[in-house]
Amino acid sequence: MSITYLEAIREAQAQALRDDPRVFIYGQDVGPFGGAHKATKNLAKEFPGRVLDSPISEDAIVGLAVGAAIEGMRPIVEMQFADFSTVGFNQIVNQAATLFWRTNVPCPVTVRLPFGGTSGSGPFHSQCMETVYAHYPGLIVMTPATVEDAYSMLLEAVAIDDPVIFCEHKFLYYHLKAEKLPSEALPVGKARIVREGRDMTIVTYSAMLHEALEAANELTPEGWEVEVVDLRSVKPIDTDTVMASVARTGRLLCVGEAWPWGGVTAEIIARVSSEGYGLLDAPPQRLNAKDTPVPYHPNLWAAHRPTARAITAAARKLLRL
Amino acid sequence: MLQTVLEPQTAEKAALFRETYLAAYRFMLLARLLDDKFAALWRSGRIHGGVFLGRGQEALSAATGISLKKGDVFAPLIRDAAGRLAFGETVLDAARTYLGSARGPMGGRDGNVHRGKPKEGYLPMISHLGAMISVVNGILLARRFKNHAGTVGAASIGDGATSTGAFHEALNQAAVEKLPLVLVVANNHYAYSTPISRQFACRDLADKAAGYGVEVDSMDGTDLNACLETVGQAVDRARAGRGPQMVVATLLRLCGHGEHDDAGYIDPELKKSPVGRDCQKVAEDYLIRQKWADPATLATWRTEAVHKIEEAIAQVQREPGPDPFTEEWRAISTQRLNEGHE
């Protein structure tokens, strides 16, 4: 028996619907069809009247969720692709994210964003939006990299009293499998040291964790011991765990699939440079996708985003500095 | 026989209408005087940011607020001082938000027309037009989930907001879900400075409703009588389960977009036309014609309203503003997940 990342997301939603009558799911094709990615497969049947198809109206989908949350519900909304959340952007960043600050009324809305590149998906079905949402005060941004985290973090997202942008990576949907669902979990807000090492730290999250682990393994025969930190959530960032790791290794490489300008990798480097300057034995480095829209052709796509190979090369360079 | 059965009912109805009309008029009066006070405070530099008046739209606004019951939902817009008061907002809370009192519902974190109490069904607008409609939908859908029937949600918008994607998405959404939404459209002929000829090309804004399968009615927005009847009936239809309702009022904004705006762009011909009538004057004439009030009574009501406002402003001016040193700089409710950057 094994369970995929995608099944874990479906199971977490089923569990949330079972546990809490306030939970409902709203989004395009999420009803009887089970969602464009099948993340809500069978849920409409299992929970009649609580898994609702919406019109193609991202703005109104999120607006409705905010209203329902004000009235005490715990909506989960699915943006069919993270890229389309730009159409609902206003309601996310100006309505959901400001409600608590302005009125003291919490806004427990979970916005699921199937995000990130997969081969052949092109400029409008591949985007990484975590940086954009993390920039806005009032939002929590989760980026699970494992089957276990996909499950436990989604349950926590629904339980949290604040709007959560839940970035689930489409590349991991079928690629990642676990033996079983976790019974306990590290709380959101804590990063995890996935692989210990003494020579350098790679800080990453979501699908890039697996590329980074592959890169770390490739460097082992050369005698390098690379530590890999999975941020798990990019807002908040667990700066303490990152800093402690850099204190041990003295070298930092940040890897993100998002575009290079600003963003999570830049934020990590800013924090380590300003708060942990003395811990560094070499200038901190980062690796992101190229500063162009995400290309369609697999040849171009493989060169556009960081891969294990590119991370290995960047790590080697940093280890020699 | 029929006559004897009907007559007492009709008389009762007439008395009720008179009572509603008088109450609505007094909210219009209070709102007009409150707006004037805010404008005066703004001119003397006592208000930070903008001041946005509802002059010319009080009849529609008061009719909307008064047609709703306790437990209903109201998402007012910038020209809704009258409707807010009729829905239950206090003059104190309005003054606290404009003057930035720490004791106001927004505690100085937001100001002027951006005020409300979401848990009481009174939504604080964001600036992005049309964005509050789907939030009302969400509250109404949640009530359906909770088997809490019989409440209505009203949202106010202007002619400008009917051009937004948010308006389209939310009205369509309400129609698909058959929600008891009442969308109150004030066609005041200008969105800031843009005339309706540059805003939409349909014959009448009411035409838009058909495209969504939404019932619609129109009214002369300068006439409190028409507003009470049309908005009241739309609220009744929504409450009775007839699905979303749209009402369109034709009127003219008798002030600038905000007090910073001299509104020099408004067509003088429009001001002279029936659309440019002052709804408050129209209502006063009606009160006197009906002998529901005489000029002395109107003067007394005005004095009472002025006193109420002056008292509230005096109290708020003694209240502290927000303190940046004790302010909790946290945008999320989950304390442990707050990043807490300085």
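Structural data are supplied above this passage.
What counts as what
Residues numbered from 1 in each chain as written. Chains lettered and ligands numbered in written order. Predicted model: local features only at pLDDT ≥ 70, side-chain atom pairs only at ≥ 80, totals over all residues. Heavy atoms only, no water. Helix = DSSP H or I, 4+ residues; strand = E, 2+ residues; numbered from the N terminus. Buried < 20%, exposed > 50% of the residue type's maximum accessible area, 1.4 Å probe, protein only. Contact = heavy atoms within 4.5 Å. Areas by Shrake-Rupley, 256 points an atom, 1.4 Å probe, with all protein chains shown as cover. Phe/Tyr/Trp six-rings, centres within 6.5 Å; stacked < 30°, edge-to-face > 60°. Lys NZ or Arg CZ within 6 Å of the ring centre and 35° of its normal. Polar contact = N/O pair within 3.5 Å; in protein donor to acceptor, adjacent residues only side chain to side chain. Core = buried A, V, L, I, M, F, W, Y, C linked by side-chain atoms within 4.5 Å. Axes fitted to C-alpha atoms, helices over the stretch in contact; angles between N-to-C directions. Left-handed = near helix turned anticlockwise from the far one by under 90°. Nonpolar A, V, L, I, M, F, W, Y, C, P; charged D, E, K, R; others polar.

*Asks:* Looking at this structure, how should I read the overall build of chain A?
*Replies:* Along its length, chain A carries 12 helices and 14 strands. Its C-alpha atoms give chain A principal-axis dimensions of roughly 60 × 40 × 40 Å. Looking at chain A as a whole, 64% of its 321 residues are labelled buried. Counting only contacts in chain A whose residues sit at least 6 apart along the sequence, the fraction spanning at least 24 positions is 80%. Split by element, the accessible area of chain A, about 11,800 Å² in all, is 56% carbon and sulfur.

*Asks:* Would you take a moment to explain the packing of aromatic side chains for this structure?
*Replies:* Each aromatic ring pair is characterised by the separation of its centres together with the angle its planes make. Counted according to the given criterion, the structure contains 17 aromatic pairs over all chains. Measuring from ring centre to ring centre gives 6.2 Å for A:Tyr5 and A:Tyr173, while their planes differ by 50°; the resulting arrangement is tilted. Taken as a pair, A:Tyr5 in helix 1 (residues 5-19) and A:Tyr173 in helix 7 (residues 172-175) lie far apart in primary sequence, 168 residues in all. Accessibility assignment for this pair places A:Tyr5 and A:Tyr173 in one class, buried. When the centroid spacing of 4.2 Å and the interplanar angle of 35° are considered together, the rings of B:Phe38 and B:Tyr98 count as tilted. A residue pair is termed long-range when its members are at least 10 positions apart, and B:Phe38 in helix 1 (residues 2-43) and B:Tyr98 in helix 4 (residues 91-99) qualify at 60 residues. By the burial criterion, B:Phe38 is buried, and B:Tyr98 matches it. Members of the aromatic cluster, connected to one another through ring pairs, are B:Phe17, B:Tyr21, B:Tyr286 and B:Trp292. In this structure, A:Lys38 is placed above the aromatic ring of A:Phe33, and the distance from its NZ or CZ to the ring centre is 3.6 Å.

*Asks:* What's the story with the side chain of B:Gln57 in this structure? I'm lost.
*Replies:* Relative to the helices and strands, B:Gln57 is located in the loop between helix 1 and helix 2 (58-67). In this structure, B:Gln57 is in contact with B:Arg79, B:Ala186, B:Asn188, B:Leu251, B:Arg253 and B:Cys279, ignoring residues within four places of it in sequence.

*Asks:* Is there a simple way to explain the side chain of B:Glu319 in this structure?
*Replies:* All names here are of chain B. On the secondary structure map, Glu319 appears in the segment after helix 11 (295-318). Look at Glu319 and you get buried, because its relative accessible area is 9%. Of the polar contacts made by the side chain of Glu319, one reaches the side chain of Arg96; its length is 2.8 Å. Leave out the neighbours within four places in its chain, and Glu319 touches Arg96, Ser101 and Arg103.

*Asks:* Is there a simple way to think about the nonpolar core in this case?
*Replies:* Note that soluble globular proteins tend to have their nonpolar side chains buried in a common cluster. A:Ile268 and B:Phe38 are the most contacted members of the largest nonpolar core, which totals 153 residues. The leading source of residues in this core is helix 1 of chain B, at 13 residues. In this structure, A:Ile9, A:Val147, A:Leu154 and A:Leu176 belong to the second largest nonpolar core, which totals 29 residues.

*Asks:* Got a minute to help me understand the packing of helix 3 (residues 58-70) of chain A against helix 6 (residues 165-177) of chain B in this structure?
*Replies:* The relative placement of two packed helices is expressed as an angle between their axes plus a distance between the axes. Two elements in contact, helix 3 of chain A and helix 6 of chain B, have axes whose closest approach is 8 Å; the angle formed by their N-to-C orientations is 65°. Of the two elements, helix 3 of chain A crosses helix 6 of chain B, and the hand of that crossing is right-handed. Across from A:Glu58, A:Asp59, A:Ala60, A:Ile61 and A:Leu64 in helix 3 of chain A, the residues of helix 6 of chain B making contact are B:Ala166, B:Glu169, B:Ala170 and B:Gln173. Considering only residue class, the contact of helix 3 of chain A with helix 6 of chain B consists of five nonpolar, one polar and three charged.

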